[in-house]
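Each chain is listed here by its residues.
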Amino acid sequence: CCCRALLSRPHGALRPRRALAHGPEMHFGFQTVTEEERREKIYQVFENVAKKYDVMNDSMTLGIHRLWKDILMHKMNPCPGTLLLDVAGGTGDIAFRFINYVRAVRQRQLQRKLKHQQNLSWQEIFESYQKDKFNSLGDSQVVVCDINREMLKVGKQKAQHLGYSEGLSWVLGNAEELPFDDDKFDVYTIAFGIRNVTRIDLALQEAYRVLKPGGRFLCLEFSRVSNPLLSRLYDLYSFQVIPVLGEVIAGDWKSYQYLVESIRQFPPQEELKAMIEDAGFFKVDYENLNFGIVAIHSGFKL
């Protein structure tokens, strides 16, 4: 299976594990904890919220997160044959959109091809159509990599329920130490995941490492609202409403309190842009959506 070939490494090519730092203090929301404690606490948050994650996303953003993810996909504009790594994508939202998008592009290509073959017999058109139909992704693959088993479990169940299987694989892995070879993927995406990574610099270096030369990095994340009035309203909503929704829908006030606080502690647009450039990416830019409530950062490995 090509997925397995894709995920295998040459014998002895495993990279040495980085020693986990216990020392430096970090933010966990508004608390100060060690790096190791932060890792454990974040793992616990996503273990707790996995089953209600999609419902809560809809409730917290009034469904707008779906639109943001659609915009990310249009920005990517993948063509058949694209190899995508979606990191921290446990519940499959980006992966399923990618498959739909590539299928639609393939379908348009097929229709154009058949239009130019007007002189073919019905039998030849039928056979050509059948052959192309079975390769509806044009060898595209998406690998979903998430550190959290519960999130992957939810994603796999969703994929089964929605009928996604072709061109899709699920891998347990850490964004700071990806289990893939160098120069492997055409596109790397991380949507609403990078602010939960303990060492953003390491995650960005890993993104750079696994992308092919010419490959693209895309990050969708909550960001900094520029308008002062909107910023105050947004704070009010975030701190007064979202934890209450978390309690009502998921029975979990504390996890959603953390998620709100983590957004406030996350580097603003220009700062994240500088970090992406420091990791080696070129042509780095960002696009604010909804006045900067979220931003899409983009960069290329040249």
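Above this text is the structure in question.
The rules we used
Note that residues are indexed from 1 along each chain, following the sequence as it is written. The predicted origin of the model limits local features to residues at a pLDDT of at least 70 and limits the giving and counting of side-chain atom pairs to 80 or more, whereas totals for whole chains, interfaces and linings rest on all residues. With hydrogens and water set aside, each side-chain value is computed from the structure's full complement of heavy atoms. Any two strands between which DSSP finds at least two bridges are classified as paired. Helix and strand assignments follow DSSP, with helices taken as H or I runs no shorter than four residues and strands as E runs no shorter than two, numbered in order from the N terminus. Angles shown run from 0 to 180 degrees and are taken between the N-to-C directions of axes, each axis being a line fitted to C-alpha atoms and, for helices, limited to the stretch in contact. Note on definitions: a residue-residue contact is assigned when non-hydrogen atoms from the two residues lie within 4.5 Å. Only protein chains enter the accessibility calculation, which uses a 1.4 Å probe. A residue is then buried if its area is under 20% of the maximum for its type, exposed if over 50%, and partly exposed in between. Clockwise travel from the first strand over the helix to the second, with the strands pointing away from the viewer, marks a crossover as right-handed. Here the aromatic set is Phe, Tyr and Trp, taking the six-membered ring for Trp, and pairing holds for ring centres within 6.5 Å; pairs whose planes are under 30 degrees apart are stacked, those over 60 apart are edge-to-face, and all others are tilted. Ring-over charges, as used throughout, are those where CZ of Arg or NZ of Lys falls within 6 Å of the ring centre and within 35 degrees of the ring normal. Candidate patch residues must exceed 30% relative accessible area and have no salt bridge, after which like charges are joined if within 9 Å and Val, Leu, Ile, Met, Phe, Trp or Tyr side chains if within 5 Å. Per-residue accessibility takes into account occlusion by the displayed protein chains alone, with areas from the Shrake-Rupley method and a 1.4 Å probe. Whenever Lys or Arg places a side-chain nitrogen within 4 Å of a carboxyl oxygen from Asp or Glu, that contact is recorded as a salt bridge. Orientation categories follow fixed angle ranges, with anything under 35 degrees roughly parallel, anything over 145 roughly antiparallel, 65 to 115 roughly perpendicular, and all other angles oblique. Definitions for this section: a left-handed crossing has its near helix turned counterclockwise from the far helix by less than a right angle. A right-handed crossing has that turn clockwise. Amino acids are sorted into nonpolar (Ala, Val, Leu, Ile, Met, Phe, Trp, Tyr, Cys and Pro), charged (Asp, Glu, Lys and Arg) and polar (every other residue, Gly among them).

Topic: the sheet that holds strand β6 (residues 185–191)
Here's step 1: A sheet is described by the order of its strands in space; here 7 strands give the open sequence β5-β4-β3-β6-β7-β9-β8, paired in mixed fashion. In this open sheet, the two edge strands, each paired with only one partner strand, are β5 (168–172) and β8 (282–289). Strand-to-strand twist of the sheet, defined as the mean angle between neighbouring strand axes without regard to direction, takes the value 15°.
Here's step 2: Examined bridge by bridge, strand β7 (residues 211–222) and strand β9 (residues 294–300) share 7 bridges and lie antiparallel to one another. What sits directly across from Glu 221, in β9, is Ala 295.
Here's step 3: Where helix α7 (residues 149–162) meets the sheet, its contacts fall on β4 (141–146) and β5, and the angle it forms with β5 comes to roughly 165°.

Quick look at the pairing of β7
Here's step 1: When you tally the buried positions in β7, you get 9 out of 12 residues, the bulk of the element.
Here's step 2: Sheet topology note: the β6/β7 ladder contains 6 bridges and is parallel. Paired with Thr 189 across the strands is Leu 218, a residue of β7.
Here's step 3: Running through helix α8 (residues 200–210), the crossover from β6 to the neighbouring parallel element β7 is right-handed.

Section: the packing of aromatic side chains
Here's step 1: Counted under the stated rule, the structure contains 10 aromatic pairs.
Here's step 2: When the ring of Trp 68 is compared with that of Phe 222, the centres are 6.1 Å apart and the planes differ by 90°; the resulting orientation is edge-to-face. Of this pair, Trp 68 sits in helix α4 (residues 64–76) while Phe 222 is found in strand β7, placing the two residues 154 residues apart along the sequence. Accessibility classification places Trp 68 together with Phe 222 in one group, the buried group.
Here's step 3: An aromatic cluster is present here, built from Tyr 188, Tyr 208, Phe 217 and Phe 281 joined pairwise through their rings.
Here's step 4: The residue whose ring lies beneath Arg 264 is Tyr 234, and the NZ or CZ to ring-centre distance is 4.7 Å.
Here's step 5: Just above the ring of Tyr 208 sits the side chain of Lys 301; from NZ or CZ to the centre is 4.9 Å.

Here we look at a nonpolar patch on the surface
Here's step 1: Nonpolar side chains collect at one region of the surface, where Val 244, Val 248 and Trp 253 lie side by side and expose about 290 Å² of accessible area between them.
Here's step 2: The residue Trp 253 is located in helix α11 (residues 253–265) in this model.
Here's step 3: Relative accessible area serves as the criterion here: at 38%, Trp 253 is assigned to the partly exposed category.

Let's talk about the packing of helix α2 (residues 35–49) against α11
Here's step 1: Interhelical geometry of α2 versus α11 gives an angle of 120° and a closest axis separation of 10 Å. One way to sum up the angle between α2 and α11 is to call them oblique. For the element pair α2 and α11, the recorded crossing hand is left-handed. Residues Arg 38, Ile 42, Val 45, Phe 46, Asn 48 and Val 49 of α2 form the contact with α11, whose participating residues are Ser 255, Tyr 256, Tyr 258 and Leu 259.
Here's step 2: Tallied by class, residues from the contact of α2 with α11 come to 7 nonpolar, 2 polar and 1 charged.

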